[in-house]
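Chain and residue survey
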Amino acid sequence: MKDKAGKTQGQAKQKMHEGQQQAQQAQQRGQQAQQRGEQAAQRGEQAAHRGEQAAQRGQQTTQERGRQMTERGRQNIDDTEREMRDRFDQDYDA
């Protein structure tokens with residue numbers, strides 16, 4: 001009887017030890033999953049930051065192009081006015 005009780009007690013201790021090991025492994029897996037989640041969040045924040053920077057560069061480029069187009073328009077108007085004055089002068093000088 002003592003042997004059976006000792007054997008049962010040994011099995012119970014072994015099962016308890018196995019349960020503790022499984023709990024530790026589950027805890028480690030949970031911590032690893034949490035770390036992966038945090039890393040993914042950091043990558044997401046970095047990607048959002050890069051997106052904001054790209055948008056700012058795009059906006060600056062668009063504004064620069066707009067200024068260039070405005071300047072070209074002014075030059076065209078100036079050229080047209082100059083051509084009209086030259087023609088007027090030619091027509092009335094003759």
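Sequence positions are assigned chain by chain, starting from 1 and proceeding in written order. Local features are withheld for residues below a pLDDT of 70 in this predicted model, meaning they are given only at 70 or higher, and side-chain atom pairs are given and counted only at 80 or more; totals for whole chains, interfaces and linings count all residues. The basis for every side-chain value is the complete set of heavy atoms in the structure, and neither hydrogens nor water enter the calculation.

1. Thoughts on the overall build of the protein
Test applied: In DSSP terms, a helix is any run of H or I states spanning at least four residues, a strand is any run of E spanning at least two, and both are numbered starting from the N terminus. For this measure, only C-alpha atoms enter the radius of gyration; the expected value for a globule follows 2.2 Å times N^0.38, where N is the number of residues. To sort residues, take the accessible area from a 1.4 Å probe on protein chains only and compare it with the maximum for the residue type: under 20% means buried, over 50% means exposed, and anything in between is partly exposed. In this description, accessible areas are obtained by the Shrake-Rupley approach with a 1.4 Å probe, and a residue is regarded as covered only by the protein chains that are shown. Only four residue types enter the charge count, namely Lys and Arg as positive and Asp and Glu as negative; His and the chain termini do not. Charge coordinates come from a single atom per side chain, which is NZ of Lys, CZ of Arg, CG of Asp or CD of Glu.
Helix and strand counts for the protein stand at one helix and zero strands. Relative to the 2.2 N^0.38 estimate, which gives 12 Å for 94 residues, the radius of gyration of the protein is 40 Å and therefore markedly larger than a compact globule would have. In terms of principal-axis extent, the alpha carbons of the protein reach across some 135 × 10 × 5 Å. The buried share of the protein, taken over its 94 residues, is 0%. Carbon and sulfur atoms provide 46% of the accessible area of the protein, an area that totals close to 9,100 Å². A gap of 29 Å separates the mean positions of the 17 positive and 15 negative side-chain charges of the protein.

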